[in-house]
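Coordinate analysis (summary)
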Amino acid sequence: MADAKVIPFGEEPRSRRRAKRSAGAARNAALTPVPPPRHEESEATAPEGAPEERGASWEQRLAGGLNFLRRRLTGEYEVDDFGYDEELTDQVMMSALRPLYEKYFRVEVKGVENIPDKGGALIVANHSGTLPLDGLMLQVAVHDQHPAGRHLRLLAADLVFMLPVVNELARKAGHTLACTEDAEQLLERGEVVGVMPEGFKGVGKPFSDRYRLQRFGRGGFVSTALKAGVPIVPCSIVGAEEIYPMIGNAKTLARLLGFPYFPITPTFPWLGPLGAVPLPTKWTIQFGEPIPTDGYPAEAADDPMLMFNLTDQVRETIQHTLYKLLVQRRSVFF
C-alpha cells in the first residue's frame, strides 16, 4: 500500500472567484462618479446561507468526494503501523455513525473539556449494551465534541480481531488489541486511548444488573497510565444498558459459536433480524475530572497497593457518576 501526503480537497470555490471579480469592479467604480449598480455588490455582503454560497459548498463537497475516491483507488493515503486510516475514519466511518449518535440515541456530552487538548490521556469508561455500541458512540463524542477534534483510539478484545470484516473495520477506525504494549506505544505518541475494563463481563451482563459496574480486572490500565505519565479520565455512559435488554443467555449456543455469551432479549431472536435493532434510548456521556499520574515515581507502576487504590478510585468515580446521571434523567427514552 503506497503512502503519500493527503492532497487538499477541492479547488478554489466559485464564491471566492466572484468576490475577487466584485472587488475589482468596486475599484474601477471608485474612479468614476457614477455609483456602482446594486447587483454588483460584493459577495462579502451577501446574507449567510445565500443560494450561491450553498452551491459553492456542494461543489466543494463533490470535488472533495471525487478526490477522496481517487486517492482510495491510487493508494495515495496514509495508514499508521496499527492500521489506522484517519481519512477514512473522519470522512466515512464518522459520517456513518453520526446519524445514530445525533438522531437515534441523541447523545448528550458533558465534561469533554476534561480531556486534554494535546498529549496522551487514558479514558476509562463503563461497558454495557449487549453489543459494544457504547465504544463507537464514545469515539464519535470525542471526535465531534472536543474543541481540538481529538481522535479516540479504543483498546478492543481479541474477539474483535478474529471476526471477518469487523477486524478490518476496527483497525481502520484506530482500534487496537487491548494489551499493555500497544496501549503504552499509543500513549507515548500523545494519543487519547480509550479502555473499558469491564470487558465482556460488562457488555454481556443481564439486564437486572444494569448500571452496576463489574470487576475492573487487575488494574492493568492504571499501570499503563503510570508508566506513560498520562492522566486518567473517568467516563460514565448512561443509556446503553437499555438498547438490548438481556433477559437470558444461551450458554450452550455461545460455546458452539465461540462467543462469550449469546444474548436473549425481548425481541431477539424471536423477531429475527428485526430483533437486532437497538431501542432508541437517550444517552448521556460524562467525562470526569482527570486523575494525574505524572507526579508518581518511576517505580510506582510496580506498586500493587497503589494500583489497587487508583483502580478503586476510578471505579468509584464512574459508579457514583452513573447513579447521579440516573437520578437526573427524566426517562429512558427522553
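In this text the structure is predicted, and so the values were computed from the model without any measurement.

Reading the values: the criteria
Residues numbered from 1 in each chain as written. Predicted model: local features only at pLDDT ≥ 70, side-chain atom pairs only at ≥ 80, totals over all residues. Heavy atoms only, no water. Helix = DSSP H or I, 4+ residues; strand = E, 2+ residues; numbered from the N terminus. Buried < 20%, exposed > 50% of the residue type's maximum accessible area, 1.4 Å probe, protein only. Contact = heavy atoms within 4.5 Å. Areas by Shrake-Rupley, 256 points an atom, 1.4 Å probe, with all protein chains shown as cover. Salt bridge = Lys/Arg side-chain N within 4 Å of Asp/Glu carboxyl O. Core = buried A, V, L, I, M, F, W, Y, C linked by side-chain atoms within 4.5 Å.

The helix and strand tally for the protein stands at 10 helices and nine strands. Going through the 334 residues of the protein one by one, you find that 42% of them count as buried. Residue pairs in contact within the protein that sit at least 24 positions apart in sequence constitute 76% of those at least 6 positions apart. Approximately 18400 Å² of the protein is accessible, and the part contributed by carbon and sulfur atoms is 58%.

The next subject is the pattern of salt bridges. Pairing between side chains becomes possible if they bear opposite charge and their charged atoms approach one another. Taken as a whole and judged by the stated rule, the model has 11 salt bridges. Linking Glu-87 and Arg-71 is a salt bridge whose minimum nitrogen-to-oxygen distance equals 2.5 Å. Taken together, the residues Glu-87 in helix H3 (residues 86-104) and Arg-71 in helix H2 (residues 51-74) connect sequence positions 16 residues apart. Accessibility expressed as a relative area gives 0% for Arg-71, which makes it buried. Residues Asp-144 and Arg-98 are paired through a salt bridge, measuring 2.7 Å at the closest nitrogen-oxygen approach. Within this pair, whereas Asp-144 is found in helix H4 (residues 133-145), its partner Arg-98 is found in helix H3, the two being separated by 46 residues in sequence. In this structure Asp-144 comes out as partly exposed when scored by relative accessible area, which is 25%. Salt bridges here are not isolated pairs; linked through shared partners, they connect Asp-80, Arg-153 and Glu-191.

Another aspect to go through is helix H6 (residues 180-188). Three or more residues of H6 are buried, namely Asp-182, Ala-183, Glu-184, Leu-186 and Leu-187. Two residues or fewer past H6, Gly-190 is found with a positive phi of approximately 90 degrees.

What follows deals with the environment of Phe-333. With respect to the helices, strands and loops of the structure, Phe-333 is situated in the segment after helix H10 (304-328). Using a relative accessible area of 34% as the deciding quantity, one classes Phe-333 as partly exposed. C-alpha of Phe-333 to C-alpha of Glu-242: the two residues are 91 residues apart in sequence and 9.4 Å apart in space. Leave out the neighbours within four places in its chain, and Phe-333 touches Arg-106, Leu-279, Pro-280, Thr-281 and Lys-282.

If you look at the biggest cluster of nonpolar residues, it comprises 29 residues, and the most contacted ones within it are Leu-122, Val-124, Phe-221 and Val-314. For this core, the elements supplying multiple residues, two or more each, are strand S2 (121-125), H6, strand S5 (192-195), helix H8 (220-228), strand S6 (232-238) and H10. When neighbours within four sequence positions are excluded, Val-314 is seen to be in contact with Val-124, Phe-216, Phe-221, Ile-232 and Ile-291.

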